[in-house]
Amino acid sequence: MSTTQTTQTTQSAIAAAEAHSAHNYHPLPVVVATADGAWLTDVEGRRFLDMLAGYSALNFGHGNRRLIDAAKAQLERVTLTSRAFHHDRFGDFCAQLAELCDMEMVLPMNTGAEAVETAVKTARKWGYRVKGVPDNMAKIVVAADNFHGRTTTIISFSTDPEARADYGPYTPGFEIVPYGDTAAMEAALTDNTVAVLLEPIQGEAGVLVPPPGYLRRVRELTRERDVLFIADEIQSGLGRTGRTFACEHEGVVPDMYLLGKALGGGVVPVSAVVSSAAVLGVHRPGEHGSTFGGNPLACAVALEVIAMLRTGEYQQRAAELGEHLHHELGLLAGGGAVEAVRGRGLWAGVDIAPSHGTGREISEKLLDRGVLVKDTHGSTIRIAPPLVISKEDLDWGLDQLRGVLTEG
Ligand SMILES: Cc1ncc(COP(=O)(O)O)c(C=O)c1O
């Protein structure tokens, strides 16, 4: 059945959503009812291979038994205390996440954007209280084509007109430099720079991997200039690239990791800023917080995520299957339909030649063949299946992509 032949059940579900929700998304015409592992089933009973994994929030797959069991057990105990009181999962969560990151302190929030906001506030406070930057002069250097979330401050330093237009006035205090350009980065750092905020691989921009040595040079420069290096690993982290953190591919340890998405296992939103005591220690009671940040349910699920990452099994899967994925996509890149392929581990951006359709058109054709991906920036499709996908399913998904690209 093609997307143009959906039945009444799908059509009415989509019509209801469109009538009563803001149109800030343009979803593919599929209505998911259930999911398991790397597979989704829609309201018509059709099965789809999930090659997006909730933008990497579902690294451990849908309905992962360990995560669901951890969530269920915690649901029966206590779900929310607010940070007005201590609860018995919080200490463990912070200690274990800090250990996973080889850092000292954790500040838990809920969404990725909140972790980024927290990092911006932390870096500024660190700048004034520790580095000695004059009041209100702190600058944070970011990269062009970044994606760090949707809050007013974050979109203030976006270069994407779609994300930014008509949301002004914008928050000052950010300097934008080209991604991958170490000379521009060096030139942008001043005595008032408190932080450099980067995605080690730019996800929404189309899975852009910076030139070799870039992250290492940024690390050197930030160290020399007493500037915090903040790595937004919200999409790139927690196994996706074949390592726990994408920064590891260059042997780089930032001053702050920003984590989200997969930290909540696709079950609950969990995000965190992870750093040293010298940096996160700048916050005093009452200066920052969140009602739901670090709640017992979030901590219970995240503790299980951390335990799963400790084994290295998921990172290894991502590395091995990722090598296979990139080998196969590399073959496609020679065939005329694909202009470029980028990425690392089980994560790829595939630029479709305009003669073969837009990213959206390719995504719709893949949907007709039972594969779910998502386009970005017109001509790119992103491939990021759950790390639990089998090699057979991955090959089947790639067969469908080959089919779509050769049919048109
Ligand atoms: C690198 C990066 N940072 C931050 C975010 C924002 O996360 P959230 O949508 O949970 O606010 C995203 C989301 O795609 C992301 O990819």
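Residues numbered from 1 in each chain as written. Predicted model: local features only at pLDDT ≥ 70, side-chain atom pairs only at ≥ 80, totals over all residues. Heavy atoms only, no water.

Engineer: Outline the overall build of the chain, listing residues and values.
Structural biologist: Helices and strands together make up the secondary structure of the chain, namely 14 helices and 15 strands. On C-alpha atoms alone, the chain measures out to a radius of gyration of 21 Å, which is about the 22 Å that the 2.2 N^0.38 rule sets for 408 residues. Dimensions of the chain, computed from C-alpha atoms along their principal axes, come out at roughly 65 × 55 × 45 Å. Across the 408 residues of the chain, 54% fall into the buried class. In the chain, the proportion of contacts linking residues at least 24 apart, taken out of those at least 6 apart, comes to 71%. Accessible area of the chain: about 17300 Å², with a carbon and sulfur share of 51%. (Helix = DSSP H or I, 4+ residues; strand = E, 2+ residues; numbered from the N terminus. Rg over C-alpha atoms; globule rule 2.2 N^0.38 Å. Buried < 20%, exposed > 50% of the residue type's maximum accessible area, 1.4 Å probe, protein only. Contact = heavy atoms within 4.5 Å. Areas by Shrake-Rupley, 256 points an atom, 1.4 Å probe, with all protein chains shown as cover.)

Engineer: Tell me about the nonpolar core, and name the residues and values.
Structural biologist: F93, L97, M185 and L198 are the most contacted members of the largest nonpolar core, which totals 80 residues. Setting aside its immediate chain neighbours within four residues, M185 contacts V141, V177, V196, L198, Y214, V218 and L221. With 28 residues, the next largest nonpolar core counts A113, F174, V194 and L228 among its residues. (Core = buried A, V, L, I, M, F, W, Y, C linked by side-chain atoms within 4.5 Å.)

Engineer: Got a sec to walk through the state of the cysteines? Specific residues and values, please.
Structural biologist: Overall, the coordinates contain 0 disulfides when judged by the stated rule. This cysteine, C94, is not joined by any disulfide, and C299 carries the nearest cysteine sulfur, 6.3 Å off. Residue classification places C94 among the buried positions, given a relative accessible area of 12%. (Disulfide = S-S within 2.5 Å.)

Engineer: Explain the pattern of salt bridges to me, using residue names and the numbers behind them.
Structural biologist: This structure, assessed with the given rule, holds 19 salt bridges. Its salt-bridge partner being E287, residue K125 comes within 3.0 Å of it at the nearest N-O pair. Separated by 162 residues along the polypeptide, K125 in helix 5 (residues 112-131) and E287 in the loop between helix 10 (277-280) and helix 11 (296-310) bring together distant segments of the chain. Under the relative-accessibility criterion, E287 is labelled partly exposed at 25%. When the shortest N-O distance is used, the salt bridge between D375 and K374 registers 3.4 Å. No difference in accessibility class separates D375 from K374, as the two residues are buried. Put simply, K125, R129 and E287 are held in one network by salt bridges that share partners. (Salt bridge = Lys/Arg side-chain N within 4 Å of Asp/Glu carboxyl O.)

Engineer: Give me the packing of aromatic side chains: which residues, what numbers.
Structural biologist: Any two aromatic rings considered together are summarised by their centre-to-centre distance and by the angle between their planes. Counted under the stated rule, the structure contains 5 aromatic pairs. Between the aromatic rings of W39 and W396, the centroid separation amounts to 5.7 Å while the plane-to-plane angle is 40°, which identifies the pairing as tilted. Remark: W396 occurs in helix 14 (residues 391-407) and W39 occurs in strand 2 (residues 39-42); sequence separation between them is 357 residues. The exposure class of W39 is buried, given its relative accessible area of 16%. (Phe/Tyr/Trp six-rings, centres within 6.5 Å; stacked < 30°, edge-to-face > 60°.)

Engineer: Mind laying out the site of the ligand, listing which residues take part and the relevant values?
Structural biologist: For the ligand, the full set of nearby residues is T111, G112, A113, F147, H148, G149, E199, E204, D232, I234, Q235 and K261. Backbone polar atom of A113 to an oxygen atom of the ligand: 2.8 Å apart, as the coordinates give it. One of the side-chain N or O atoms of D232 is found 2.7 Å from a nitrogen atom in the ligand. For the ligand, whose free accessible area comes to 390 Å², the fraction covered by protein is 81%. Classifying every residue of the shell around the ligand by side-chain character gives 3 nonpolar, 5 polar and 4 charged. (Near = heavy atom within 4 Å. Polar contact = N/O pair within 3.5 Å; in protein donor to acceptor, adjacent residues only side chain to side chain. Nonpolar A, V, L, I, M, F, W, Y, C, P; charged D, E, K, R; others polar.)

Engineer: Lay out the packing of helix 12 (residues 313-333) against helix 14 in plain terms, naming residues and giving numbers.
Structural biologist: Following both chains from N to C, one finds helix 12 and helix 14 inclined at 15°, their axes separated by 11 Å at the closest point. Our classification of the angle between helix 12 and helix 14 gives roughly parallel. The way helix 12 lies across helix 14 gives a crossing that is right-handed. On helix 14, the residues that touch L321, H324, L325, E328, L329 and L332 of helix 12 are K391, L394, D395, L398, L401, R402 and L405. (Axes fitted to C-alpha atoms, helices over the stretch in contact; angles between N-to-C directions. Parallel < 35°, antiparallel > 145°, perpendicular 65-115°, else oblique. Left-handed = near helix turned anticlockwise from the far one by under 90°.)

Engineer: Help me get a handle on the side chain of S236, residues and values and all.
Structural biologist: Counting through the fold element by element, S236 comes out in the loop between strand 8 (228-232) and strand 9 (256-259). Engagement of the side chain of S236 in a polar contact is seen with the side chain of E233, the distance being 2.8 Å. The contacts of S236, once residues within four sequence positions are left out, are P200, T241, A246 and W347.

Engineer: Residue-level account of the sheet that holds strand 4 (residues 105-109), with values.
Structural biologist: Consider a sheet: its strands pair through backbone hydrogen bonds, and that pairing is either parallel or antiparallel. Spatially, 4-10-9-8-7-5-6 is the arrangement adopted by the 7 strands of the open sheet, whose pairing is mixed. Of all the strands in the sheet, the pair left with one neighbour each is strand 4 and strand 6 (174-177). Across this sheet, the average inter-strand angle for adjacent strands is 20°, counted without regard to direction. Sheet topology places strand 4 next to strand 10 (residues 271-275); 5 bridges connect them, and they run antiparallel. Each residue of the ladder has a partner; that of M109, found in strand 10, is S271. Of the strands in this sheet, strand 4, strand 9 and strand 10 are in contact with helix 4 (residues 90-101), which crosses strand 4 at around 115°. (Pairing = 2+ DSSP bridges.)

Engineer: Tell me about unusual backbone geometry, and please be specific about residues and values.
Structural biologist: P169 follows G168 through a cis peptide bond whose omega is 0°. Mapped onto the secondary structure, P169 falls in the loop between helix 7 (161-164) and strand 6. Of note in the backbone geometry, S56 takes a positive phi value of approximately 80° without being a glycine. Residue position: S56 is located in helix 2 (residues 53-56).

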